[in-house]
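# Structural features, examined
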Amino acid sequence: MRISKFKGFMLALLFTVTLGAAVNVQVTANAATYTTVSTKTVTKAAYHKKSTAGAIYNKAHNKRIATMKGYPNTTWYVTQQATLKHSNSKGIYYYVANKSGSVKGWIWHGYLKKGKAPFGLKYAKNAVALDYTTGKAVWSKSANTARPIASVSKLMTLYLVLDKIDNGSGKWTDIVKTNNSGLVAMGNSASCGGFKFYSNHKYTVKELYDAALLDSSNNAAIALGQWVSGSNAKFIKKMNAQAQAWNLDKASFVSASGLENSDLKAFGYNYGSANANMVSAKDVALIAQHLIKDYPQILTDGSVGSKTVNGQLCYNYNNMLKGRKYYQASLNVDGLKTGYTPFAGYCFVGTGQKAGKHRVITVVLHDENEFTETQSLMNHAYSLGMDA
């Protein structure tokens, strides 16, 4: 006998609901079998996860509070110990809480390892904290692996702009050619632009420097590169030559702005065979070190929150500056450069100097929470010393 589609659907739905109810009852029944045999207070001690296995529950084990996998670098503080019985077996469980006390509950003791959790970054794929004075990396995560760095690339571009002015072959008041159709189109692009090149305005080096540094303008960076070397291709060669002069063996450039060739091609500014600038976190930090050392004005210029350039607001997206969400007074962050493309992820070069300490330069690449992780990285770096 054939069953109609509607009757078949109703039977399937009834079966699914009944089965789901049965499963829920079974889980609740199992959870209810956790009973307390004994509980005692213990001297407060620090623990961290032994592996990614395990979870924190309430004492009755009918509510899961957190997983160890979800808290990879957390120190848990144990203050109580209990023997809990489940079916015919007994186990020792610890009552734990994180430092802030926002997450707390019971976990089987075998999922923990004594001692504070080692420092780590959850999201950044590559990172480094560099002591500016000594040039030593005090903490790193895959820091010698080259990867796309997006607009962080502009640090090299700005160095070469400052170098041309410093050696007397250019001035801040020089007029930069900006009427190339590709650069104009880039400024009007929703994804690659923002700072517009208007036909009735002549842009100076200083204006485009501010646009590239603060607003991370891609067309401004490319125009500046052409001003430095005469053409886009010659400037990119100069970028690579400078990297080689600094012995940066994990730095290769194909773009003055940090945009990938897959985007630049539409504007006529693609160069080379690689798709993106490929630089390691360590080499990015060393570029920043050279920039700060040779042209310290970058810190004053880079700590400006926003500036109007030719009637256009250039907003600095460094959210660790004073007055911003991730500002921490003791870190005295005064730079340096943000970056993002879908390919490179969120990138950030931060720098600041804590009282009585050396300046720190931090780099996080392909991050999802770049300012929080930079703040954590800076504080950790200072906890390791770096005394002036």
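The name an unreviewed UniProt entry gives the protein chain is Serine hydrolase, with Levilactobacillus fuyuanensis as the organism.

We now examine the packing of aromatic side chains. What the rule picks out here adds up to 16 aromatic pairs. Relative to Y93, the ring of Y34 lies with its centre 6.4 Å away and its plane at 80 degrees, an arrangement referred to as edge-to-face. Of the two residues, Y34 is situated in the loop between α1 (5-31) and β1 (35-49) and Y93 in strand β5 (residues 89-97); the sequence distance between them amounts to 59 residues. According to the relative accessible area criterion, Y93 is buried, its value standing at 11%.

The next thing to look at is the sheet that holds strand β13 (residues 251-252). What the three strands build is an open sheet, ordered β10-β14-β13; its pairing is antiparallel. Two strands close off the open sheet at either side, each with one partner strand: β10 (147-148) and β13. In this sheet, strand β14 (residues 278-279) lies alongside β13 in antiparallel orientation, the contact comprising two bridges. Paired with A251 across the strands is V279, a residue of β14.

Inspection of the secondary structure assignment puts K104 in strand β6 (residues 104-108). Through-space distance from the C-alpha of K104 to that of K69 is 15 Å; in sequence the pair is 35 residues apart. Every residue in contact with K104, bar those within four places of it in the chain, is listed here: I56, I65, Y95, V96 and A97.

What follows concerns helix α5 (residues 218-229). In a regular helix each residue adds 1.5 Å, so 12 residues correspond to 16 Å; α5 covers 17 Å between its end C-alpha atoms and thus fits that length. In terms of burial, α5 is largely enclosed, as 11 of its 12 residues are buried. Burial in α5 covers these residues: N218, N219, A220, A221, I222, A223, L224, G225, W227, V228 and S229. In this structure, the buried residues of α5 make contact with α2 (154-166), β11 (175-176), α3 (181-188), α4 (205-214), α6 (232-245) and α7 (261-264). In the segment just after α5, G230 is the residue with positive phi, at about 100 degrees.

What follows deals with the sheet that holds strand β8 (residues 126-131). One open sheet accounts for five strands, arranged β9-β8-β19-β18-β17; its pairing is antiparallel. Single-partner strands in this sheet number two, and they are β9 (137-141) and β17 (333-341). With strand direction ignored, the average angle separating the axes of adjacent strands in the sheet is 5 degrees. Of the pairings in the sheet, the one linking strand β18 (residues 345-353) to strand β19 (residues 359-367) comprises seven bridges and is antiparallel in character. Residue pairing across strands places Y346 opposite D367, the latter belonging to β19.

Calculation notes
Residues numbered from 1 in each chain as written. Predicted model: local features only at pLDDT ≥ 70, side-chain atom pairs only at ≥ 80, totals over all residues. Heavy atoms only, no water. Phe/Tyr/Trp six-rings, centres within 6.5 Å; stacked < 30°, edge-to-face > 60°. Helix = DSSP H or I, 4+ residues; strand = E, 2+ residues; numbered from the N terminus. Buried < 20%, exposed > 50% of the residue type's maximum accessible area, 1.4 Å probe, protein only. Pairing = 2+ DSSP bridges. Contact = heavy atoms within 4.5 Å. Expected span 1.5 Å × (residues − 1). Axes fitted to C-alpha atoms, helices over the stretch in contact; angles between N-to-C directions.

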